[in-house]
Amino acid sequence: MSKERIKISEDLYDIMPSDYQDLVKSATYGKEDRGWKDIGTSKELIEQHSLCAGCPESMAFRYILASLPNPEDTVMVGSTGCTSLVFPMVAVHNIHSLFGNQNAIASGLKRALTVRFPDRVKDVVVLAGDGATVDIGLDMTLQAWFRQEKFTTICFDNELYANTGGQESGLMQKGFVAKMAPVGKLFDKVRLPEIARESGCHYVVNCTVSKPSLVEKVIRNAVHIAREIGPTYLQLYTPCILEIGKNSMEGLQEMRDSEKPTERFAYKEYVSEPAKQLLAELAAKDKERKAAAKQLAGQA
Ligand SMILES: Cc1ncc(C[n+]2csc(CCOP(=O)(O)OP(=O)(O)O)c2C)c(N)n1
Ligand code: SF4
Ligand SMILES: [Mg+2]
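To start, this report covers the structure provided alongside it.

The rules we used
Residues numbered from 1 in each chain as written. Chains lettered and ligands numbered in written order. Predicted model: local features only at pLDDT ≥ 70, side-chain atom pairs only at ≥ 80, totals over all residues. Heavy atoms only, no water. Buried < 20%, exposed > 50% of the residue type's maximum accessible area, 1.4 Å probe, protein only. Helix = DSSP H or I, 4+ residues; strand = E, 2+ residues; numbered from the N terminus. Pairing = 2+ DSSP bridges. Near = heavy atom within 4 Å. Nonpolar A, V, L, I, M, F, W, Y, C, P; charged D, E, K, R; others polar. Core = buried A, V, L, I, M, F, W, Y, C linked by side-chain atoms within 4.5 Å. Contact = heavy atoms within 4.5 Å. Polar contact = N/O pair within 3.5 Å; in protein donor to acceptor, adjacent residues only side chain to side chain. Areas by Shrake-Rupley, 256 points an atom, 1.4 Å probe, with all protein chains shown as cover. Phe/Tyr/Trp six-rings, centres within 6.5 Å; stacked < 30°, edge-to-face > 60°. Arc of directions from axis to C-beta. Patch = residues over 30% accessible without salt bridge, like charges linked within 9 Å, V, L, I, M, F, W, Y side chains within 5 Å. Salt bridge = Lys/Arg side-chain N within 4 Å of Asp/Glu carboxyl O.

With seven of seven residues buried, strand S3 (residues 123-129) lies mostly within the body of the structure. Bridge count between S3 and strand S4 (residues 152-157): five bridges; the pairing is parallel. Looking at the pairing, alanine 128 lines up with cysteine 155 of S4.

Right, let's talk about the site of ligand 2 for a bit. Neighbouring ligand 2 are the residues Leu51, Cys52, Cys55, Cys82, Asn158, Ala162, Cys240, Ile241 and Leu242. Class assignment of the residues belonging to the shell around ligand 2 gives a composition of eight nonpolar, one polar and no charged.

With that settled, the discussion passes to the nonpolar core. General note: in soluble globular proteins, nonpolar side chains tend to be found buried as a group. Formed by 43 residues in total, the largest nonpolar core has its most connected members in Phe61, Ile64, Leu65, Leu68, Ile154 and Leu234. Those elements giving two or more residues to this core turn out to be helix H1 (18-26), helix H2 (56-67), S3, S4, strand S5 (203-208), helix H7 (212-228), strand S6 (232-237) and helix H10 (273-299). Broken down by element, the residue count for this core peaks at six residues, all from H7. Those residues in contact with phenylalanine 61 that lie beyond four places of it in its chain are Ile46, Thr83, Val86, Phe87, Val90, Leu127 and Phe156.

Neighbouring ligand 1 are 15 residues; Asp130, Gly131, Ala132, Ala162 and Asn163 lie closest to it. Separating an oxygen atom of ligand 1 from a backbone N or O atom of glycine 131 is a distance of 2.8 Å. For ligand 1, an oxygen atom lies 3.0 Å from a polar atom in the side chain of asparagine 158. If ligand 1 stood free it would expose 590 Å²; the protein chains cover 76% of that surface. If one sorts the elements of the shell around ligand 1 by residue count, helix H4 (residues 130-136) sits on top with three residues. Split into classes, the residues belonging to the shell around ligand 1 amount to six nonpolar, seven polar and two charged.

What follows covers the packing of aromatic side chains. Under the definition given, this model contains five aromatic pairs. Measuring from centroid to centroid gives 5.6 Å for phenylalanine 61 and phenylalanine 156, while their planes differ by 90°, and the two rings are edge-to-face. Pair noted here: phenylalanine 61 is in helix H2 and phenylalanine 156 is in strand S4, with a separation of 95 residues, a long-range link. With a relative accessible area of 1%, phenylalanine 61 lands in the buried category. The interplanar angle of 55° and the centroid separation of 5.1 Å between the aromatic rings of tryptophan 145 and tyrosine 233 together place this pair among those described as tilted. One end of the pair, tryptophan 145, is in helix H5 (residues 138-146); the other, tyrosine 233, is in strand S6, with 88 residues separating them in the sequence.

Turning our attention to helix H9 (residues 251-258). Residues of H9 that are buried: Gly251, Glu254, Met255 and Ser258. Angularly, the buried residues of H9 cover 95° about the axis, an arc narrow enough to put them on a single face. On the buried face of H9, the contacting elements are H2, S5, S6 and helix H8 (241-244).

All right, on to a nonpolar patch on the surface then. Among the surface-exposed residues, Val183, Leu186 and Phe187 lie close enough to one another that they form a single nonpolar patch of about 370 Å² accessible area. Summarising the element assignment, valine 183 is placed in the loop between S4 and helix H6 (192-198). Take valine 183: its relative accessible area is 71%, and that puts it in the exposed class.

Structure representation (structure tokens):
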């Protein structure tokens, strides 16, 4: 990892936008152990967004972008929905796909990048809403998993179609009444984490984004496992505060309430056997790296 590819030519430095100069100077691109703790002290890969004030999706975006292990060589694939309003402000390569097509686009992209850059690690990460992932895009989501495509799928689960005013989604809770779904959901929430496991994903996590350190851990695991082994899936609860009638300060508490052991976003994790082995190897290497750095610091 390095900033080599975003470096500015000396002759052009003064005419480059100040945001870009800041990115080269103080973004964590290239930092080996980047993570959520860099937020606030380095150039963030997202500084503004057009989501509603206090929307938990904005926290989730920040934590994810701060935690990607290889941001300068990552391409994110988005889909239509509230998330798509954010991507134009994100300093990571990204593609907007037609609603629901995100996993098909990501499959082709990952394969093309592997052929085009055989000697470079290129990560692909899909980030889409529950409507895009489960309802309209379910075919593409599943086919990518069946084919063992090597990328991560992240679903921002707000349990409805937020961007179009609150229609019912397959991930909506039973009985929930939304602005544009007045009858109330007749069925249980689709168990996509279980389906992901049964469809070949090697790492599946269902959780909220209330704890940045947890988001950092699962993002890193998901990206590393997807890179080396096969598809990974993260379902993150990012409640639509507008639809559930909460104010901008109440999103965090809503997530805390929903992650209690008996609730639908209690932490759930599945790791396949090859993925467990990979995580153990990575943890051992990390330990070695930290010990070597400590020794070096002691000698200085
Ligand atoms: C092909 C297509 N079908 C439908 C739409 C209309 N549409 C835009 S956003 C959206 C809902 C998005 O819901 P979700 O994926 O859950 O994302 P959220 O807005 O909740 O974050 C729909 C149906 C569209 N833009 N394109
Ligand atoms: S409509 Fe809901 S999900 Fe979309 S930005 Fe507003 S609070 Fe967030
Ligand atoms: Mg949604």
